[in-house]
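This is what each chain is made of:
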Amino acid sequence: MRYMIHTCPERLWYVEKYLYPSLREQGIRAKDIEIWNDTEGKGNLISCMESFLVCGGIEGGTWHLQDDVLICRDFAKRTKAHDEGIVCGFASEYFERHRPMVSGIVRPLRMWWSFQCIRIPNDIAAECAEWFFAEAVNNRHYAQYIEDGKHDDIIFRAYLLREYGNELVENLAPCLVEHIDFLIGGSVVNRDRGDRLIRAIFWQDKDAVDALRAALKQD
């Protein structure tokens, strides 16, 4: 089992004080958690692809978490039970509003937009990054994504559809994480969303969100 938290210096405070400790409290070992901090300011997309390259030298898969999530109370248990293949642990009506919500086993075309929490086999992650740096960066179709410095989920989905279109993917419900950027200053990457909330569908631990809100207020 391996977990990677993707963060940046301005959000590291939440990772170190709340997200990382919540993983440890559920019994996940410190050596199985890596905090990938974009200290050089390369941006969401490049930082993500570089982390994927690092994953390539490691057996198995990695659960990738964004730095603005709250894990569910049985996160460790459920990630262990579903630690195989590609698993989407987050879904939002905002991302899925133009198509039916489908949970369970699907093809990549129906996988959720789930980079808040997703398990990716390390070899596929590395292959995606190698393709990105060798080909996608020179393809004008992806130029806007690269210029924006984000859209890592779009790049990964494009690679998956290109090379693994018949791969089985699990859309896991209930969701493993809730998106709580609205409690910690809003989105760092997508300021253009304004006050629009990107909340999880199939989320069962509403009281955990309330508890986090209270803890943040107290701090």
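Worth saying up front: this structure is predicted, and the values here are computed from it rather than measured. (Residues numbered from 1 in each chain as written. Predicted model: local features only at pLDDT ≥ 70, side-chain atom pairs only at ≥ 80, totals over all residues. Heavy atoms only, no water.)

> How do you make sense of the pairing of strand β2 (residues 33–37) when you look at a structure like this?
Note that strand β1 (residues 3–7) and β2 share 5 bridges and pair parallel. For H6, the partnering residue across the bridge sits in β2 and is W36. For the segment spanning β1, helix α1 (residues 12–25) and β2, crossover handedness is right-handed. (Pairing = 2+ DSSP bridges. Helix = DSSP H or I, 4+ residues; strand = E, 2+ residues; numbered from the N terminus. Right-handed = clockwise from strand over helix to strand, strands pointing away.)

> Is there a simple way to explain the layout of surface pockets in this structure?
Empty space among the atoms can be located by rolling a probe the size of a water molecule over them. What the second largest pocket holds in volume is close to 290 Å³. Forming the walls of the second largest pocket are 17 residues, and the residues nearest its centre are Y18, S22, E25, L70 and I71. Of all the secondary-structure elements, those providing two or more residues to the lining of the second largest pocket are α1, β4 (69–71) and α8 (206–218). Split into classes, the residues belonging to the lining of the second largest pocket amount to 12 nonpolar, 2 polar and 3 charged. (1 Å grid on protein atoms, 1.4 Å probe; cavity = no way out; pocket = protein on both sides within 12 Å on 5 of 7 lines; lining within 4 Å. Points joined across faces, edges and corners; volume = space filled by probe spheres on them. Nonpolar A, V, L, I, M, F, W, Y, C, P; charged D, E, K, R; others polar.)

> Before we go on, may I ask you to explain empty space enclosed by the protein in this structure?
Counting across every chain of the model gives 1 cavity of 30 Å³ or more. Estimates place the volume of the largest cavity at around 40 Å³. As for the largest cavity, its lining consists of M111, W112, W113, S114, F115, D153, F156 and R157.

> Would you explain unusual backbone geometry in this entry?
Note: most residues except glycine have negative phi, and most peptide bonds are trans. A cis amide bond links A173 with the next residue in sequence, P174, at an omega value of 0°. Structurally, P174 is set in the loop between β8 (169–171) and β9 (177–179). A positive phi angle is found at H151, which is not glycine, with a value near 70°. Tracing the chain through its elements places H151 in the loop between α6 (143–148) and α7 (152–163). We note that F202 has phi near 60°; this positive angle belongs to a residue other than glycine. You can see F202 is positioned in the loop between β9 and α8.

> Would you take a moment to explain the pattern of salt bridges for this structure?
If charged atoms from side chains of opposite charge come close, those side chains can pair. Evaluation of the coordinates by the stated rule reveals 13 salt bridges. Linking E178 and R199 is a salt bridge whose minimum nitrogen-to-oxygen distance equals 3.0 Å. Residue E178 is located in strand β9, and its partner R199 is located in the loop between β9 and α8; the two are separated by 21 residues in the primary sequence. With a relative accessible area of 2%, E178 lands in the buried category. (Salt bridge = Lys/Arg side-chain N within 4 Å of Asp/Glu carboxyl O. Buried < 20%, exposed > 50% of the residue type's maximum accessible area, 1.4 Å probe, protein only.)

> Would you mind going over the packing of helix α2 (residues 44–55) against α7 with me for this structure?
For any two helices packed against each other, one specifies the crossing angle of their axes together with the interaxial distance. Relative orientation of the contacting elements α2 and α7 amounts to 50°, with a least axis distance of 9 Å. In terms of orientation, α2 and α7 fall into the oblique class. For the pair α2 and α7, the contacting residues are N44, L45, C48, M49 and F52 in the first and D152, I155 and F156 in the second. (Axes fitted to C-alpha atoms, helices over the stretch in contact; angles between N-to-C directions. Parallel < 35°, antiparallel > 145°, perpendicular 65-115°, else oblique. Contact = heavy atoms within 4.5 Å.)

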